[in-house]
Amino acid sequence: MDALDLARLQFALTGSLHFLFVVLTLGLAPLVAIMNTRWARTGRPLFERMTRFWGQIYVINYALGIVTGLVMEFQFGLSWSGLSHYAGDVFGAPLAMETLVAFFLESTFLGLWIFGWGRLPKWAHVACIWAVTATAYASAFFIMVANSFLQNPAGAVAAGDRLALVDAGALFTNKTLVFALPHVLGAGLFTGAMVLVGASAYQLRRRTHEQEFFTRSMKTGIVAAAVGITLTVAYGYAQFGGIQDGKFDDNPAAAVPLGLMMEGGNLLSMVVLLFMLPLIRKLPRWRWAHPLLMALTPVPFVLAILGWLARELGRQPWMIWEKLTVADAMTPGLTTGMVTASLTGFVAVLGLLAVVDYVLIARVVRRGPRDLTLGATATEQRSPALSH
Amino acid sequence: MELIWFAVFALLLAGYFALEGFDLGVGLLLPVLGRNRDDRDRMVAAIGPYVLANEVWLVAVAGTLFGVYPLLEGELLPAIYPLVVAMLLAWIVRDAGLWFRRRIGGARWRAFWDLMIVLGSLWLSFGWGLVIYAAATGFDGPLMHPLGLLLGAAVTLLFAWHGRVFLGWRLPGFAGPARTGRALLASGALAATPALALLGGGMSYMLEHSAPAATLNVLSLMVLPFAPIMVGAQVWIWRTFRPGKGADLNPSFF
């Protein structure tokens, strides 16, 4: 493999890893915010425990979203300086907005939410998690603006050997953006909802003592999954109106993931809308169905990655559609040795951390809603295993 | 407009040094002042509520670099490629240490992630010295130079001292004398000086390489409405987690 292949592989691997965590963040944030709001409104301990349990899973997942995101941000400058040279005046703006405004606020409000537990006034604390949700959605918006510009460079004209921004409105209402954004947000909600369903199914299958807790969580998950999959599929098909001509012709590397994602999405939408939703009252008690629900949990993650493969591989060989090739976008002078070293370092470290992170999440799911650090108070009864 | 965005960029970079400086400093001091697990827990808990709000300043720096100085971004980062990769890995490892250390109760688990915090903080602080040296040579010289190493050691010591002042303010009586908010402000200003030196040297070059007015106008229009919220959220952090008020009462998430 030459430096170009390696740099592409590095972006694909770190990007896919990043999105595995981001897609769950996007889904769990609004669900945790809803639980937190219910708790604030009713004061019921059930909702407090739901907020803390699913919130703990949400923040453990969030950790990997941050660290993989750091690599994504800096990779543009490290490996793809040809992109910033040619189109930085256009492409840089949404990325700057994402980091400077959206992620800046998201991280600050998340710190307030996690550490302000019990210190902030009740409704201020609720406002923080909604602010985190809103800014996470804003992040998704700006990243999709940047990505859509690569698919369809609207709002820019070539001036000399560089692109100049002439129409910001066109940049932010790109035809490859308007339906892709709700598609991604729907997929996130669906993924988060299916984690609620799968984890609850695991606990209910084991005849947990927390029947009410996980019955309630499963029902919330099923309703959210129905909303999520409907949005995802509807906006998925809607995107075909704005797609580049010939994007998936003679490009099996993109067409195959596209086909798999669509088949999988259609199948899942039928399972959710025709089976899970009508049987929402029965499913928590039907233990025979729980292994099936658990087996479905990873599927939305796989479909999300297939979706990105279709979108991004379909763009090849262009970095910016019919303007700049990926080969021309690579940093001049990048050597095989440099990329090999960074690829190894990033993939090894992030891969290991991702495994640790998933083990930690699985551990929280297995233990259920007890001994949670998130929102713990000094007076709380802790089990011997954790008190020292 | 170029001047305003240079000021924003300068504020973000200086803010990163002043704020994340004490997080890294406390990380550096873990093996020095945190002789037992309880002490280390208290030290990490002291920076816990601030880290998320502090490290994003560098994320914002990088984003602004891309949006406002796209040509520079494509020149600078590749010029110090191995250094950027190593510092990113240090940052990742430090963050992982913070997020993971309390997720499992075992002593060895926590000791391992504490070590990651120390090593990550050390390499990240030291790396900034090397970056400053690289910048001073116009990103042309070798990455490892005795002067660069010296600067690395200086930044590391500066952050460690800033971290110690922070601990004196947040955990009075924990180690060394209690410090006032004013002392913390002063040490923060001092911690920001390397960033200001970096910016002072590069100012005219950066102004010449700003993105065109059309891009900067769009950015300004979009950032301006959010600026008060950003400032407000940061102030809210400092108001909420100031010492006293039972700061140490509840178990920390980090």
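This write-up is about the structure you can find in this document. (Residues numbered from 1 in each chain as written. Chains lettered and ligands numbered in written order. Predicted model: local features only at pLDDT ≥ 70, side-chain atom pairs only at ≥ 80, totals over all residues. Heavy atoms only, no water.)

A tally of helices and strands in chain B yields ten helices and zero strands. Helices (α) and strands (β) of chain B occur, in sequence order from the N terminus, as α-α-α-α-α-α-α-α-α-α. Projected onto its principal axes, the C-alpha coordinates of chain B cover approximately 55 × 45 × 35 Å. Across the 254 residues in chain B, those meeting the buried criterion constitute 57%. When contacts within chain B are restricted to residue pairs at least 6 apart in sequence, long-range pairs at least 24 apart make up 78% of them. Of the accessible surface of chain B, which amounts to about 9700 Å², a share of 72% is contributed by carbon and sulfur atoms. Looking at chain B, you have 17 positive and 14 negative side-chain charges, and the mean spots of the two groups are 16 Å apart. (Helix = DSSP H or I, 4+ residues; strand = E, 2+ residues; numbered from the N terminus. Buried < 20%, exposed > 50% of the residue type's maximum accessible area, 1.4 Å probe, protein only. Contact = heavy atoms within 4.5 Å. Areas by Shrake-Rupley, 256 points an atom, 1.4 Å probe, with all protein chains shown as cover. Lys, Arg positive; Asp, Glu negative; His and termini not counted. Charge placed at Lys NZ, Arg CZ, Asp CG, Glu CD.)

Below, the discussion takes up the overall build of chain A. Looking only at helices and strands, one finds 13 helices and four strands in chain A. Over its C-alpha atoms chain A spans a radius of gyration of 22 Å, differing by no more than 12% from the 21 Å that the globule rule assigns to 388 residues. Expressed as lengths along the three principal axes of its C-alpha atoms, the size of chain A is roughly 65 × 45 × 40 Å. Scored against the burial criterion, the 388 residues of chain A give a buried share of 62%. Long-range contacts, defined here as pairs at least 24 residues apart, represent 82% of the contacts in chain A between residues at least 6 apart. On chain A, roughly 14400 Å² of surface is accessible, and the fraction owed to carbon and sulfur atoms is 66%. Positive and negative charge centroids in chain A, built from 28 and 21 side chains respectively, lie 20 Å apart. (Rg over C-alpha atoms; globule rule 2.2 N^0.38 Å.)

Counted under the stated rule, the structure contains 14 salt bridges over all chains. Between Arg370(A) and Asp371(A) there is a salt bridge, and its shortest N-O distance comes to 3.7 Å. Given the relative accessible area of 45%, Arg370(A) is considered partly exposed. One network of salt bridges, with partners in common, ties together Arg40(B), Asp41(B), Arg101(B), Arg102(B), Arg110(B) and Asp114(B). (Salt bridge = Lys/Arg side-chain N within 4 Å of Asp/Glu carboxyl O.)

Residues and elements named next belong to chain B. For helix α8 (residues 193-208), with 16 residues, the first-to-last C-alpha span of 23 Å sits near the 22 Å given by 1.5 Å per residue. The largest bend along α8 reaches roughly 60 degrees and is located at Gly 202. All buried positions along α8 are accounted for by Pro 194, Ala 195, Leu 199, Gly 202 and Met 206. On its buried side, α8 packs onto α1 (2-33), α3 (70-79), α5 (107-136), α6 (146-170) and α7 (181-191). (Expected span 1.5 Å × (residues − 1). Bend = angle between axes of the 7 residues up to and from the residue.)

The nonpolar side chains of soluble globular proteins are, as a tendency, buried together. Counting residues in each nonpolar core, the largest one holds 229 residues, and the members touching the most others are Trp54(A), Leu83(A) and Trp99(B). Counting residues per element, this core draws most heavily on helix α3 (residues 81-115) of chain A, which supplies 21 residues. Apart from the residues within four sequence positions on either side, Leu83(A) is in contact with Phe76(A), Gly88(A), Phe91(A), Leu150(A), Met319(A), Ile320(A), Leu324(A) and Ala329(A). (Core = buried A, V, L, I, M, F, W, Y, C linked by side-chain atoms within 4.5 Å.)

A grouping of Asp245(A), Asp249(A), Asp250(A) and Glu322(A) is seen on the molecular surface, where their side chains present a negatively charged patch. By the secondary structure assignment, Asp250(A) is in the loop between α7 (211-238) and α8 (252-276). (Patch = residues over 30% accessible without salt bridge, like charges linked within 9 Å, V, L, I, M, F, W, Y side chains within 5 Å.)

On to the interface of chain A and chain B, then. With 74 residues of chain A at the contact, the number on the chain B side is 69 residues. Interface area for chain A against chain B, summed over the two sides, is near 6300 Å², with a carbon-plus-sulfur share of 80%. For the pair chain A and chain B, the number of links is zero salt bridges. Linking chain A with chain B are nine residue pairs in polar contact (both at pLDDT 80 or more). Among the elements that make up the side of chain A that touches chain B, the one with the highest residue count is α3(A) (25 residues). Its residues assigned to classes, the side of chain A that touches chain B comprises 48 nonpolar, 20 polar and six charged. (Buried area = accessible area lost by both parts, 1.4 Å probe. Polar contact = N/O pair within 3.5 Å; in protein donor to acceptor, adjacent residues only side chain to side chain. Nonpolar A, V, L, I, M, F, W, Y, C, P; charged D, E, K, R; others polar.)

Turning to the side chain of Glu98(A), a few remarks are in order. Residues and elements named next belong to chain A. Tracing the backbone through its elements, the reader meets Glu 98 in helix α3. No salt bridge is formed by the buried Glu 98. Its closest oppositely charged neighbour is Arg 311, at 16 Å. A polar side-chain atom of Glu 98 sits 2.9 Å from a polar atom in the side chain of Ser 139. Glu 98 has contacts with Phe 103, Ser 139, Phe 142 and Ile 143, leaving out every residue within four places of it along the chain.

All names here are of chain A. For the bond from Gln 316 to Pro 317, the omega torsion is 0 degrees, close enough to zero to count as cis. Relative to the elements of secondary structure, Pro 317 occurs in the loop between α10 (299-313) and β3 (318-320). Phi at Asp 250 takes a positive value of approximately 50 degrees, unusual for a residue other than glycine. A residue is classified by how much of its surface remains accessible, and Asp 250, at 82% relative accessible area, is exposed. The phi angle at Asp 371 is positive, at roughly 55 degrees, despite the residue not being glycine. Here Asp 371 shows up in the loop between α12 (336-367) and α13 (384-387). Its relative accessible area of 15% is what places Asp 371 among the buried residues.

All names here are of chain A. With four bridges connecting them, strand β1 (residues 156-159) and strand β2 (residues 162-165) associate as antiparallel partners. Looking at the pairing, Ala 159 lines up with Arg 162 of β2. With antiparallel pairing between neighbouring strands as the criterion, β1 and β2 make up a hairpin whose turn holds two residues, including Gly 160 at a positive phi of roughly 70 degrees. (Pairing = 2+ DSSP bridges.)

Let us look at the packing of aromatic side chains. A complete count under the given rule lists 43 aromatic pairs over all chains for this structure. Ring centres 6.3 Å apart and planes at 80 degrees place the aromatic pair Trp99(B) and Phe253(B) in the edge-to-face group. One end of the pair, Trp99(B), is in helix α4 (residues 81-100); the other, Phe253(B), is in the segment after α10 (227-240), with 154 residues separating them in the sequence. Per residue, the accessibility class of Trp99(B) equals that of Phe253(B), and both read buried. Grouped by ring-pair contacts, the aromatic residues Tyr58(A), Tyr62(A), Phe115(A), Trp99(B), Phe253(B) and Phe254(B) constitute a single cluster. (Phe/Tyr/Trp six-rings, centres within 6.5 Å; stacked < 30°, edge-to-face > 60°.)

Let's shift gears to a nonpolar patch on the surface. Residues and elements named next belong to chain A. On the surface, Val 223, Val 227, Leu 231, Leu 267, Met 270, Leu 273, Leu 274 and Leu 277 cluster together into a nonpolar patch covering about 690 Å² of accessible area. Those elements that provide at least two residues to the nonpolar patch are α7 and α8. The element best represented in the nonpolar patch is α8, accounting for four residues. Along the polypeptide, Leu 277 turns up in the loop between α8 and α9 (290-296).

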